[in-house]
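# Summary of structural features
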Amino acid sequence: MSIYKDYLKQIEERKEKGLHPQPIDGAELLSKIIEQIKDLDHEYREDSLNFFIYNVLPGTTSAAGVKAKFLKEIILGESVVKEITPAFALEQLSHMKGGPSVAVLLDVALGSDVALAKQAAEVLKTQVFLYEADTARLEEALNNGSAIAKDIIESYAKAEFFTKLPEIEEEIQVVTYIAGVGDISTDLLSPGGDAHSRSDRELHGQCMFEHNKDMQNELLALKEQHPDKRVMLIAEKGTMGVGSSRMSGVNNVALWTGVPFSKYVPFINFAPVIAGTNGIAPIFLTTVGVTGGIGLDLKNWVKQKDADGNTIVDADGEPILKQMYSVATGTVLTINTKEKKLYHDKVELKDISAAFTPQKMEFMKAGGSYAVVFGKKLQTFASKVLGVDVVPVYAPSKEITIEGQGLTAVEKIFNRNAVGTSGATLHAGSYVRAEVNIVGSQDTTGLMTSQELEMMAATVISPIVDGAYQSGCHTASVWDDKSKANIPRLMSFMNDFGLITGRDPKGKYFPMTDVIHKVLNDITVGDWDIIIGGDSHTRMSKGVAFGADSGTVALALATGEASMPIPESVKVTFKGQMKSYMDFRDVVHATQSQMLKQFGGENVFQGRVIEVHIGTLTADEAFTFTDWTAEMKAKASICISEDETLIESLEIAKGRIQIMIDKGMDNAKGVLKGLVDKAETRITELKTGIKPSLRPDANAKYHAEVVIDLDEIAEPMIADPDVNNDDVSKRYTHDNIRPLSYYGGVKKVDLGFVGSCMVHKGDMKILAQMLKNVEAQKGKVEFKAPLVVAPPTYNIVDELKAEGDWDVLVKYSGFEFDDNAPKGLARTKYENMLYLERPGCNLCMGNQEKAEPGDTVMATSTRLFQGRVVKDTGEKKGESLLSSTPVVVLSTILGRTPTMAEYEAAVDGIVLTKFKPSTKQLVK
């Protein structure tokens with residue numbers, strides 16, 4: 001059977017699922033289609049024409065290269081297709097977004113046929129995805145006297161590719177749709193269990209609202225009732241998009257409610273309108289901007305205050321909310337983009353200026369942030385070549401300088417890495433283009449990142465990026481057919497692009513499934529670095545890291561830059577002393593709890609950088625704090641360390657990077673060796689005092705300052721999803737922190753999970769010692785609930801084996817992972833025993849394995865959202881309670897939450913943490 005017949009068979013299979021033909025990205029299939037187009041009598045000629053014109057992915061896909069070549073033949077008259085005139089061929093090229101299409105346009109524009117050259121030049125003037133090879137051709141032609149090249153470059157210098165675009169509508173009418181009450185996780189929009197289908201946008205669209213067909217049909221009905229309006233998806237009494245950046249979630253919203261990007265490129269929509277009573281989660285809001293969308297902070301419910309300005313609370317101590325205006329499903333609202341206000345029946349409801357900053361409006365006009373980033377670079381190139389000043393076409397980067405005010409840590413990092421600024425000292429609120437040092441891509445969004453790179457015509461990593469890593473951690477627990485089809489292809493693409501990859505396409509080193517955040521934490525060797533990663537938990541203990549969508553990751557890989565406002569910061573310091581039986585995870589939870597108490601229930605961390613003066617904790621333990629800040633809804637977190645602590649962390653990083661080198665993971669450019677060298681240089685700077693560790697200025701200004709009293713932490717703390725709260729909006733938030741005694745030692749626990757990015761080697765050693773303690777106290781270790789353990793990295797497993805702890809874990813386990821025979825199917829039932837799983841994310845992701853429906857899970861994870869780790873049953877809601885390793889382990893041995901006496905006995909003699917607040921001044 002031919003490849004085309006295979007495609008027809010696939011089309012029939014998709015039709016049964018209500019799907020259209022899958023967009024074509026392969027050269028072999030498109031070559032066959034072109035062959036059939038050339039055969040005027042071919043039975044499939046008409047279908048082939050439609051596939052060629054309307055169903056080929058753009059950019060640098062192999063199919064795009066074949067399409068561009070054939071269109072060039074048509075333009076030059078070498079091939080004649082009556083349905084595709086040369087003018088239509090040029091129009092097709094204009095929608096192909098760079099790469100081979102730009103190369104063809106340049107061939108024609110710089111060719112000998114003057115008439116065709118002028119037509120191609122007009123198309124080129126609309127393009128922005130040009131790379132060095134393209135601009136070098138134009139510059140060379142200009143230097144050789146080409147009038148066409150001069151005309152094109154002059155157009156670029158004026159940024160006509162942007163200025164000639166239609167302006168944003170002054171009024172945008174929307175009809176509301178309440179997607180849920182309370183915080184809405186991105187899992188609702190793009191479930192983790194459907195990660196395998198994210199690169200097939202139409203197929204993935206079927207999982208919207210977690211496959212809830214009733215909700216999908218309601219949305220369709222709303223669109224049908226209001227064909228002239230856009231649907232605005234809302235999180236009522238909550239925040240939209242918590243938990244992750246999830247580009248696939250925005251893609252799904254855009255697919256259902258947005259605007260088609262091109263009539264020649266299927267299933268790629270942009271400009272969704274998304275809102276929340278408490279706004280959009282910071283990392284998700286960035287993703288909305290990537291697609292030129294609108295994200296609104298509605299504030300339609302507000303906390304009531306008394307005469308003294310204090311929050312009024314009910315009998316349960318919960319703030320009493322008042323509805324300021326209704327956004328019930330079906331409400332028609334008007335967004336005025338000029339006045340930047342929200343209206344209902346001409347009555348002003350809310351100032352929405354924050355959603356319509358000059359930069360965001362540029363994204364909306366250009367159809368997304370990529371076009372703006374590349375447009376600025378192209379205009380800069382053209383102006384430099386012509387020897388003229390850059391015409392102020394784009395909104396100037398907002399620069400805020402406050403005389404006499406010092407800098408926070410994040411302000412210092414952005415000032416160090418900023419490009420294209422006036423040179424003034426910049427404070428929070430300034431909009432900055434900044435160079436990125438480290439980039440991370442993970443495997444369930446990586447396929448989308450590779451697609452984004454293809455569609456922006458990028459072929460190689462930016463030379464200014466110090467290092468980049470592609471992980472295999474999100475699909476580590478089950479090596480199923482979907483993984484076998486997707487992951488090797490992803491690793492090959494990223495390896496060729498210039499990333500260090502967890503899996504070697506050539507098979508020279510053993511496939512690694514290390515958790516991406518842990519790897520990035522090791523390869524980040526600069527405390528002044530900026531890190532961008534394709535996961536919300538891209539939070540490093542060195543530098544400042546931002547979780548990002550797959551598109552922003554692609555942009556960082558291709559350009560070495562990211563653009564964003566410098567965030568405000570909240571300073572967190574510690575006082576008092578930890579009790580010997582407390583784990584550092586309890587400090588993390590107590591930080592959230594004490595902050596909310598200090599600020600009357602207001603989360604001052606949301607959307608800001610948490611500058612944590614952690615001082616004495618090395619990278620692994622400090623990461624536990626920064627990792628959790630994603631769930632605190634913070635934009636990012638920065639650890640302020642003593643010089644000696646930073647040196648220790650860098651030595652650990654050097655050792656782990658060297659292990660990667662020894663395994664054969666470095667590439668021809670010696671990226672990993674370069675990181676070791678960078679770490680050594682930084683260590684020398686610290687030891688000699690030439691450049692101390694990053695410190696904020698003593699007179700820096702913070703949005704708020706929080707002091708955590710360690711003396712107040714008297715017992716383990718648990719983040720509880722509170723699944724049965726009568727107020728739906730209070731369920732599944734990370735703000736509900738309870739002490740262990742709340743549960744009275746009687747709450748049944750059905751499964752425990754020690755793993756994900758929130759644990760480190762110390763947690764594994766604690767687990768081993770606890771098992772020995774329990775055996776010594778009771779004569780044997782018997783599990784009354786399953787305990788799933790997934791170490792974050794292979795390095796940790798190797799170190800545990802060398803130190804004897806792994807043997808202890810194996811002794812008490814009923815299952816040990818085998819890389820030579822990885823699981824091919826997800827486990828659905830668990831026995832009451834210890835499972836030693838392959839390093840990776842495991843249950844935390846919820847995309848492969850889950851707990852049994854309705855279970856109460858005690859986990860070290862970060863995810864307590866509905867359906868993520870455990871689904872509901874008709875009789876019982878699944879619960880994912882989050883706690884420290886000792887609490888999880890003991891809960892599975894007892895089959896219930898422990899009492900304080902049982903807990904203290906189980907951890908007797910174990911050093912859970914050595915954390916003591918720094919006594920040094922961690923300011924400059």
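Structure: see above.
One structure accompanies this document, and this report is about it. (Residues numbered from 1 in each chain as written. Predicted model: local features only at pLDDT ≥ 70, side-chain atom pairs only at ≥ 80, totals over all residues. Heavy atoms only, no water.)

## As for the packing of helix α23 (residues 584-598) against helix α24 (residues 619-628)
- It is at 10 Å that the axes of α23 and α24 come closest, and there the two elements cross at 30°. With respect to α24, the axis of α23 lies roughly parallel. Where α23 crosses over α24, the two elements pack in a sense that is right-handed. Contacts between α23 and α24 pair F584, R585, V588, H589, T591 and Q592 from the former with E621, T624, F625 and W628 from the latter.
- For the contact of α23 with α24, a count of residues per class yields four nonpolar, four polar and two charged. (Axes fitted to C-alpha atoms, helices over the stretch in contact; angles between N-to-C directions. Helix = DSSP H or I, 4+ residues; strand = E, 2+ residues; numbered from the N terminus. Parallel < 35°, antiparallel > 145°, perpendicular 65-115°, else oblique. Left-handed = near helix turned anticlockwise from the far one by under 90°. Contact = heavy atoms within 4.5 Å. Nonpolar A, V, L, I, M, F, W, Y, C, P; charged D, E, K, R; others polar.)

## A look at the nonpolar core
- By size, the foremost hydrophobic cluster in this structure holds 152 residues, and its most contacted members are L233, F574, I614 and L771.
- Excluding its chain neighbours within four sequence positions, the residues that come into contact with L771 are V781, F783, L809, Y812, L834, V889 and I893.
- Among the nonpolar cores identified, the runner-up in size contains 118 residues, and L29, L124, Y156 and V432 belong to it. (Core = buried A, V, L, I, M, F, W, Y, C linked by side-chain atoms within 4.5 Å. Buried < 20%, exposed > 50% of the residue type's maximum accessible area, 1.4 Å probe, protein only.)

## Focus: the sheet that holds strand β15 (residues 431-435)
- Read from one edge to the other, the open sheet built from three strands follows the order β14-β15-β21, with strand pairing classed as antiparallel. One side of each edge strand has no neighbouring strand; the edge strands of this open sheet are β14 (418-419) and β21 (561-565).
- Bridge count for β15 against β21 is five bridges, and the pairing is antiparallel. Among the inter-strand pairings, Y431 is bridged to a residue of β21, identified as P565. (Pairing = 2+ DSSP bridges.)

## Re the packing of aromatic side chains
- Scanning all chains against the criterion turns up 23 aromatic pairs.
- Look at Y4 and Y44: their rings are 5.1 Å apart centre to centre, the planes differ by 50°, and that puts the pair in the tilted class. Note that Y4 is positioned in helix α1 (residues 3-16) and Y44 in the loop between α2 (27-38) and α3 (45-54), a separation of 40 residues in sequence.
- When the ring of F261 is compared with that of F270, the centres are 5.5 Å apart and the planes differ by 75°; the resulting orientation is edge-to-face.
- Classification of F270 as buried rests on a relative accessible area of 17%.
- An aromatic cluster of three or more residues is present, and its members are Y4, Y7, Y44 and F51.
- Over the face of the ring belonging to F52 we find K67, whose NZ or CZ atom lies 5.2 Å from the ring centre.
- In this arrangement the basic side chain of K376 is found over the ring face of Y394, its NZ or CZ atom lying 5.7 Å from the centre. (Phe/Tyr/Trp six-rings, centres within 6.5 Å; stacked < 30°, edge-to-face > 60°. Lys NZ or Arg CZ within 6 Å of the ring centre and 35° of its normal.)

## A look at the sheet that holds strand β12 (residues 341-344)
- The strand order β8-β7-β3-β1-β11-β12-β13 describes an open sheet built from seven strands, whose pairing is mixed. Because the sheet does not close on itself, it has two edges, and the strands there are β8 (294-297) and β13 (347-351). Averaged over all pairs of adjacent strands, the angle between strand axes in this sheet comes to 30°, irrespective of strand direction.
- As paired elements, strand β11 (residues 332-336) and β12 share three bridges and run antiparallel to each other. Across the sheet, I335 pairs through a bridge with L342, a residue of β12.
- Strands in contact with helix α13 (residues 213-225) are β1 (171-181) and β3 (230-236); relative to β1, the strand with the most contacts, it is inclined by about 165°.

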